[in-house]
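# Structural characterization, general
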Amino acid sequence: FSHSSVYPVISEGMTIHAIDLAHPLLPDNERIANSIALGDPHKVFIITGANMAGKSTFLRTLGVNLVLALNGAPVCAREFSCPVVGLRTGMRANDSLKDHQSYFYAELQRLKIIMDELRRGEPLFVLLDEILKGTNSTDKLNGSVSLLKQLAQYNCLAVVATHDLALGSLEDELPGLVINYHFEPTIDNDQLAFDYRLKRGIAEKMNASFLMRKMGIIQ
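Summarised in this report is the structure supplied together with it. As the structure is a prediction and not an experimental result, all values here were calculated from the model.

Scanning the protein chain from N- to C-terminus turns up five helices and 14 strands. The contacts in the protein chain between residues at least 6 apart in sequence include a share of 67% that link residues at least 24 apart. Working note: accessible area of the protein chain is about 11400 Å², and carbon and sulfur atoms make up 52% of it.

Here you go:
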């Protein structure tokens with residue numbers, strides 16, 4: 001890919017460590033690298049942040065580099081280590097008129113497959129992007145909390161991108177198992193900007209109302 005490519009190290013424990021990890025399909029002059037340590041001891045990583053702040057791209061960055069690593073290819077990072085583990089995702093589920101299946105049901109089917117594998121004892125790296133979008137906000141939050149509490153009980157690492165800031169309370173409820181990270185925009189002189197840097201803690205700024213006013217949708 002570039003000077004930032006390195007061959008990964010396969011680790012024994014359920015940990016993924018990455019220094020200056022970036023998406024290999026982004027040009028050198030555009031990609032933003034982030035470092036992260038997954039596991040030992042935290043198992044569930046909640047990533048909050050505004051729209052367009054970089055959450056989904058970061059999940060894809062983790063996923064594609066893990067696939068490269070487990071296929072013996074170089075990864076887009078300065079350092080990268082991971083175990084031999086299955087990758088499962090809950091991202092971009094689609095509805096189907098042919099199969100009479102809604103988006104929400106398609107997502108539930110995918111989550112069921114993940115939980116069935118974990119209950120069989122299979123080690124997994126799980127990436128979930130804005131889960132349970134097809135239900136009301138209260139139901140979504142309750143279902144998400146229950147799911148993350150279950151994931152924390154199994155042999156897995158889970159990274160969950162969400163707009164639900166309330167999910168961040170799980171770090172206090174399950175200390176040592178759940179940890180919060182976020183991507184944050186800046187608004188300066190009525191201009192929205194992103195640095196795409198992963199930061200510790202829960203996001204504080206959201207941008208939907210700002211963008212709607214900026215575009216003249218609301219006044």
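A few words now on the environment of Val-75. Along the chain, Val-75 falls in strand 6 (residues 75-76). You can call Val-75 buried: its relative accessible area is 0%. The sequence separation of Val-75 and Ser-4 amounts to 71 residues, and the corresponding C-alpha distance is 8.4 Å.

Moving on, we come to the pairing of strand 12 (residues 185-188). Where strand 12 meets strand 13 (residues 191-194), four bridges bridge the pair, whose relative direction is antiparallel. Residue pairing across strands places Thr-186 opposite Ala-193, the latter belonging to strand 13. Linking strand 12 back to strand 13 in an antiparallel pair, the connection comprises two residues, with Asn-189 at a positive phi of about 55°.

On to the nonpolar core. Residues Ile-16, Leu-38, Ile-47, Leu-62, Phe-80, Phe-125 and Val-159 are the most contacted members of the largest nonpolar core, which totals 30 residues. If you list the elements that add at least two residues to this core, you get strand 3 (16-21), strand 4 (34-38), strand 5 (44-49), helix 1 (55-70), strand 7 (79-82), strand 9 (124-129), strand 10 (156-162) and strand 11 (178-183). Here this core takes six residues from helix 1, the largest share from any one element. Leave out the neighbours within four places in its chain, and Leu-38 touches Met-14, Thr-15, Ile-16, His-17, Phe-45, Leu-62, Phe-125, Leu-157 and Val-159. In terms of nonpolar packing, the next biggest core, distinct from the first, is built from 23 residues, Ile-46, Leu-128, Leu-147 and Leu-167 among them.

Where strands meet in a sheet, backbone hydrogen bonds hold them as pairs that are either parallel or antiparallel. On the basis of which strands lie adjacent, the open sheet formed by six strands has the order 8-9-10-5-11-14 and mixed pairing. Every interior strand has two partners, whereas the edge strands, strand 8 (86-90) and strand 14 (199-200), have only one. With five bridges connecting them, strand 8 and strand 9 associate as parallel partners. Opposite Gly-90, over in strand 9, you have Leu-128 as the bridge partner.

For the rest of this paragraph, the subject is the sheet that holds strand 7. Spatially, the four strands line up as an open sheet ordered 2-7-3-4, and their pairing is mixed. Each having just a single partner strand, strand 2 (9-10) and strand 4 make up the two edges of the open sheet. Sheet analysis places strand 2 next to strand 7, joined by two bridges and oriented parallel. Bridge pairing in strand 7 places Ile-10 opposite Cys-82. Sheet strands in contact with helix 1 are strand 2, strand 3, strand 4 and strand 7, and its direction is about 75° off that of strand 7.

Moving on: helix 3 (residues 137-151). The first and last C-alpha atoms of helix 3 sit 21 Å apart over 15 residues, in line with the 21 Å expected at 1.5 Å per residue. All of the buried residues in helix 3 are Lys-140, Ser-144, Val-145, Leu-147, Leu-148 and Leu-151. Projected down its long axis, helix 3 carries its buried residues within an arc of 170°, all on one side. A distance of 3.1 Å separates the backbone nitrogen of Thr-138 from a side-chain oxygen at the start of helix 3, and that oxygen is part of Asn-136.

It is possible for side chains bearing opposite charge to pair when their charged atoms get close. With the rule as written, the count across this model stands at 10 salt bridges. The partner of Arg-88 in a salt bridge is Glu-117, and the shortest N-O contact between them spans 2.7 Å. Residue Arg-88 is found in strand 8, and its partner Glu-117 is found in helix 2 (residues 103-119); the two are separated by 29 residues along the sequence. Taking the shortest distance from any N to any O, the salt bridge between Glu-122 and Arg-120 comes out at 3.3 Å.

On to the packing of aromatic side chains. Within this structure, the stated rule accounts for three aromatic pairs. Taking 5.8 Å as the distance between ring centres and 25° as the angle between the ring planes, the aromatic pair formed by Phe-194 and Tyr-196 counts as stacked. We classify Tyr-196 as partly exposed; its relative accessible area is 36%.

Calculation notes
Residues numbered from 1 in each chain as written. Predicted model: local features only at pLDDT ≥ 70, side-chain atom pairs only at ≥ 80, totals over all residues. Heavy atoms only, no water. Helix = DSSP H or I, 4+ residues; strand = E, 2+ residues; numbered from the N terminus. Contact = heavy atoms within 4.5 Å. Areas by Shrake-Rupley, 256 points an atom, 1.4 Å probe, with all protein chains shown as cover. Buried < 20%, exposed > 50% of the residue type's maximum accessible area, 1.4 Å probe, protein only. Pairing = 2+ DSSP bridges. Core = buried A, V, L, I, M, F, W, Y, C linked by side-chain atoms within 4.5 Å. Axes fitted to C-alpha atoms, helices over the stretch in contact; angles between N-to-C directions. Expected span 1.5 Å × (residues − 1). Arc of directions from axis to C-beta. Polar contact = N/O pair within 3.5 Å; in protein donor to acceptor, adjacent residues only side chain to side chain. Salt bridge = Lys/Arg side-chain N within 4 Å of Asp/Glu carboxyl O. Phe/Tyr/Trp six-rings, centres within 6.5 Å; stacked < 30°, edge-to-face > 60°.

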